[in-house]
Amino acid sequence: MSAQTDTQGSVTTVYKVTGMSCGHCEGSVSGEISQLPGVGSVKAVASTGEVTVVSEAPLDDEAVRAAVDEAGFELAGKA
């Protein structure tokens, strides 16, 4: 799977998001996901459609989906 725990107890998960095409798209998706409880960092890359999220614990997929929807994009699943 694409979720892994590092030595400090944080979880890194890579999601696939469709529809991102520019830096503004990346910022919108990152901004919405970063508001979820426990999220430490978010890096969205429009060219690959991948969004890497580092969080304190695994995130609820539906919460991530709702955040991506709020940004105006679609969560395709985990990469």
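Bear in mind the structure is a predicted one, so any value in this text is a computation, not a measurement.

Reading the values: the criteria
Residues numbered from 1 in each chain as written. Predicted model: local features only at pLDDT ≥ 70, side-chain atom pairs only at ≥ 80, totals over all residues. Heavy atoms only, no water. Pairing = 2+ DSSP bridges. Helix = DSSP H or I, 4+ residues; strand = E, 2+ residues; numbered from the N terminus. Salt bridge = Lys/Arg side-chain N within 4 Å of Asp/Glu carboxyl O. Buried < 20%, exposed > 50% of the residue type's maximum accessible area, 1.4 Å probe, protein only.

**Student:** Looking at this structure, how should I read the pairing of strand β3 (residues 39–45)?
**Tutor:** Consecutive side chains along a regular strand alternate between the two faces of the sheet. Relative to strand β4 (residues 50–55), β3 runs antiparallel, the two being bridged by 6 bridges. Counted as the bridge partner of K43 is T52 from β4. Between the end of β3 and the start of β4, which pair antiparallel, lie 4 residues, with G49 showing a positive phi angle near 75°.

**Student:** Sorry, what's going on with the pattern of salt bridges here?
**Tutor:** Where charged atoms of side chains with opposite charge meet at close range, the side chains can pair. Summed over the entire model, instances satisfying the criterion amount to 2 salt bridges. The salt bridge involving D61 is made with K78; its shortest N-O contact spans 3.7 Å. Placement of the pair is D61 in helix α2 (residues 61–71) and K78 in strand β5 (residues 74–78), with a sequence separation of 17 residues. Residue classification places D61 among the partly exposed positions, given a relative accessible area of 33%. In this structure, R65 engages E62 in a salt bridge whose closest nitrogen and oxygen atoms are separated by 3.6 Å. Remark: E62 and R65 occur in helix α2; sequence separation between them is 3 residues, near one turn of the helix. The exposure class of R65 is partly exposed, given its relative accessible area of 29%.

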